[in-house]
Amino acid sequence: MLIEVKNLVKEYTGGLFYKRTVKAVNGVSFSIKQGETLGLVGESGCGKSTVARLLLMLIRPTSASIRFENTELTVKSPAELQKLRKEMQIIFQHPQQSLYPRRKIYEAMAEPLRIHKLIKRKEEEKEKILQLLNDVGLLKEHLERYPHELSGGQAQRVAIARVLALKPKFIVADEPTSMLDISVQAQILELMKKLQREHNIGMLFISHDLEVARAVSNRIAVMHQGRLVEIGDSEQVFMKPQHPYTKYLTDTTLKLEEKQRFMG
Ligand SMILES: Nc1ncnc2c1ncn2[C@@H]1O[C@H](COP(=O)(O)OP(=O)(O)OP(=O)(O)O)[C@@H](O)[C@H]1O
């Protein structure tokens, strides 16, 4: 198994005058095989982003077992985790935020290669960047631009290229297309599917949209108020939902589709 999560729990403590504890994630378990995509769906605030960050140990769980290729991550030191991070990457909702505004795209794409010392000669760096550019469907001219000179879709392609450069085994994609127009969204989803297949990457694909998750995922897990209420084969979950909350999600998706058809 590529990644195996057991009993993931994350409590946040807050409140200015009275201490309040929120159980953002409450006993979540799942596993993902190499080359498989698991979709994680649920409404805003159900705990999806918290799961995303916990899986890569960007934040620490209150309690859990998180195994990546049979290595328990929760007992690792920050330095040890740093070494593993090359293999486990994350793609965020706002690609522009992961890029330095004053650095050209060439530099943004060279950065992971340099940090992880993946390039020996300068010419090799250029070659590798041109190859990555091609893989994600960008043009040479984009390399000379600054992040604000790219569209949202192009910026997300740069973010994907930066992640691919490291040849990760596992990617968490946290609502990677939710800020994009529908047509661009479809292109980026196609690209992610293609790259994930070609490189045999395991992926946790997070979305509030069941239809989007269904388009890219082998299996879907449905999250509600910090818990997984259903997990199964994508088509099964979509066509024959078992839990009332999944039924509610599929009903709203289908109603929306009907409305869009009616509106032309
Ligand atoms: N740093 C934090 N401190 C306190 N509470 C937090 C923190 N981060 C998240 N929460 C709370 O944890 C719960 C889950 O949040 P989370 O962001 O994981 O949900 P989500 O499903 O990803 O929602 P969204 O799609 O809106 O980001 C929410 O109730 C949220 O308010």
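Remember, predicted model here, so these are calculated numbers, not experimental data.

**Student:** What's the story with the sheet that holds strand β2 (residues 20–32) in this structure? I'm lost.
**Tutor:** Through backbone hydrogen bonds, the strands of a sheet pair up, either in parallel or in antiparallel fashion. One open sheet holds the four strands; their spatial order is β2-β1-β4-β5, and the pairing between them is antiparallel. Single-partner strands in this sheet number two, and they are β2 and β5 (71–72). With two bridges joining them, strand β4 (residues 63–68) and β5 adopt antiparallel strand pairing. Among the inter-strand pairings, Phe68 is bridged to a residue of β5, identified as Thr71. Contacting β1 (3–14), β2 and β4, helix α1 (residues 48–55) runs over the sheet at an angle of about 120° to β1.

**Student:** How should the packing of helix α3 (residues 105–115) against helix α4 (residues 122–135) be read in this particular structure?
**Tutor:** Helix packing geometry: the angle between the two helix axes and the distance between the axes. Where α3 contacts α4, the axes come no closer than 10 Å and their chain directions differ by 110°. Put simply, α3 runs roughly perpendicular to α4. Note on packing geometry: the crossing formed by α3 with α4 is right-handed. Contact residues: α3 offers Tyr106, Met109, Ala110 and Leu113, while α4 offers Glu125, Lys128, Ile129 and Leu132. Grouping the constituent residues of the contact of α3 with α4 by class yields six nonpolar, no polar and two charged.

**Student:** I would appreciate a short explanation of the site of the ligand in the present structure.
**Tutor:** Close to the ligand lie 13 residues, the nearest being Tyr12, Ala24, Ser44, Ser49 and Thr50. Those elements that place two or more of their residues in the shell around the ligand are β1, β2 and α1. Take the shell around the ligand: its biggest share by element is three residues, from α1. Among the residues forming the shell around the ligand, the class breakdown is four nonpolar, eight polar and one charged.

Calculation criteria
- Residues numbered from 1 in each chain as written.
- Predicted model: local features only at pLDDT ≥ 70, side-chain atom pairs only at ≥ 80, totals over all residues.
- Pairing = 2+ DSSP bridges.
- Helix = DSSP H or I, 4+ residues; strand = E, 2+ residues; numbered from the N terminus.
- Contact = placed C-beta atoms within 7 Å.
- Axes fitted to C-alpha atoms, helices over the stretch in contact; angles between N-to-C directions.
- Parallel < 35°, antiparallel > 145°, perpendicular 65-115°, else oblique.
- Left-handed = near helix turned anticlockwise from the far one by under 90°.
- Nonpolar A, V, L, I, M, F, W, Y, C, P; charged D, E, K, R; others polar.
- Near = placed C-beta within 6 Å.

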